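Chain and residue survey
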Amino acid sequence: MPRGRYSLHDTHDHTPLGEEHFHCAPGPSGWRYVSQTTTPSGRHAGSLDLALDELGRPIRLQLHASSWQVRGAALDGVTWVRTDPTGEHATEGNVRAHAFTGTSPAFLIATARLLRLTPASPAARVRLVAFTDPVLAPRTLDQSWALVRSEAHATDNGPLTVDEYQVGALDTGEQHLIHLAGDVVLSAPGIELEHLESPPSVFPAAPDTAGA
């Protein structure tokens, strides 16, 4: 079960945004990621509990930031309820999208798990609903994902496969690279892995859906 800490910073001017302390693990029915975020001063800023099924679909999203709260899941696309800080008003949303995304590194792992690309695969287009700090307002966006290369690196714990993805925003054409190893983000825009207590988990092979 990987457990560690990411540092988060602004992608434009590199201003520190805080840290995310996480643990995650694959299980018999999918994958779960739990984290707590803090501000640069160390104050609690939010939390995330994300669970995926064996196909990489979000079966539970619980996201908190600045007293705002979002609960969601894959249902008729993706469906969510967003609650304001007073708790008096809740708004529901539904979009024909594949999954959720946001500032947490967990969402990069989740999208890669959902797409299951290989270096030989063509670039995939994915529609996501993003919830961004500080008020978790939803925004629908389209991205392209391509697995550029997958390389094994020798470590003290055996070979570690690092996947390099090229991710593009289809509305602006902006592209960037992210590097994943199992269920850990090694690097991505605005994200740096600062500490890891145990090696990344290796996802089980995709379930055989032939004939389904």
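Residues numbered from 1 in each chain as written. Predicted model: local features only at pLDDT ≥ 70, side-chain atom pairs only at ≥ 80, totals over all residues. Heavy atoms only, no water.

As annotated in an unreviewed UniProt entry, the protein chain carries the name Glycolipid-binding domain-containing protein and comes from Streptomyces candidus.

1. Thoughts on the overall build of the protein chain
Within the protein chain one finds one helix and 15 strands. Over its C-alpha trace the protein chain gives a radius of gyration of 17 Å, about what one expects of a compact globule, namely 17 Å for 212 residues. Projected onto its principal axes, the C-alpha coordinates of the protein chain cover approximately 50 × 45 × 35 Å. Taken over 212 residues, the protein chain has a buried fraction of 41%. Of all intrachain contacts in the protein chain linking residues separated by at least 6 positions in sequence, the fraction that spans at least 24 positions is 38%. Distance between charge centroids for the protein chain: 6 Å, based on 15 positive and 24 negative side chains. (Helix = DSSP H or I, 4+ residues; strand = E, 2+ residues; numbered from the N terminus. Rg over C-alpha atoms; globule rule 2.2 N^0.38 Å. Buried < 20%, exposed > 50% of the residue type's maximum accessible area, 1.4 Å probe, protein only. Contact = heavy atoms within 4.5 Å. Lys, Arg positive; Asp, Glu negative; His and termini not counted. Charge placed at Lys NZ, Arg CZ, Asp CG, Glu CD.)

2. Remarks on the environment of Gly-87
Positionally, Gly-87 belongs in the loop between β7 (78–83) and β8 (90–95). Residue classification places Gly-87 among the exposed positions, given a relative accessible area of 53%. A C-alpha to C-alpha distance of 35 Å links Gly-87 and Glu-194, two positions 107 residues apart in sequence.

3. Observations regarding the packing of aromatic side chains
If you walk through the whole model with that rule in mind, you get six aromatic pairs. Ring centres of Phe-100 and Phe-131 lie 5.8 Å apart, and the angle between their planes is 40°; this geometry places the pair in the tilted category. Remark: Phe-131 occurs in strand β10 (residues 124–132) and Phe-100 occurs in strand β9 (residues 99–102); sequence separation between them is 31 residues. For the pair Phe-100 and Phe-131, one class covers both residues: buried. (Phe/Tyr/Trp six-rings, centres within 6.5 Å; stacked < 30°, edge-to-face > 60°.)

4. Let's talk about the pairing of strand β4 (residues 44–53)
Counting buried positions along β4 gives eight out of 10 residues, so the element sits mostly inside the fold. Pairing geometry for strand β3 (residues 30–38) and β4, over nine bridges, is antiparallel. Residue Ser-35 lies in a different strand from β4, and its bridge partner there is Leu-48. Hairpin geometry of β3 and β4 is characterised by an intervening segment of five residues between the two adjacent antiparallel strands and by a positive phi of about 95° at Gly-42. Here β4 runs beside strand β5 (residues 58–65); their pairing, made up of seven bridges, is antiparallel. Opposite Ser-47, over in β5, you have His-64 as the bridge partner. (Pairing = 2+ DSSP bridges.)

5. As for unusual backbone geometry
In this chain, Asp-133 is followed by Pro-134 through a cis amide linkage whose omega measures 10°. Here Pro-134 shows up in the loop between β10 and β11 (137–153). With phi around 50°, Asp-76 is a residue other than glycine that occupies positive phi space. Summarising the element assignment, Asp-76 is placed in the loop between β6 (68–74) and β7. With relative accessibility at 52%, the residue Asp-76 sits in the exposed group. Its identity as a non-glycine residue notwithstanding, Leu-136 has a phi of 55°, on the positive side. With a relative accessible area of 0%, Leu-136 lands in the buried category.

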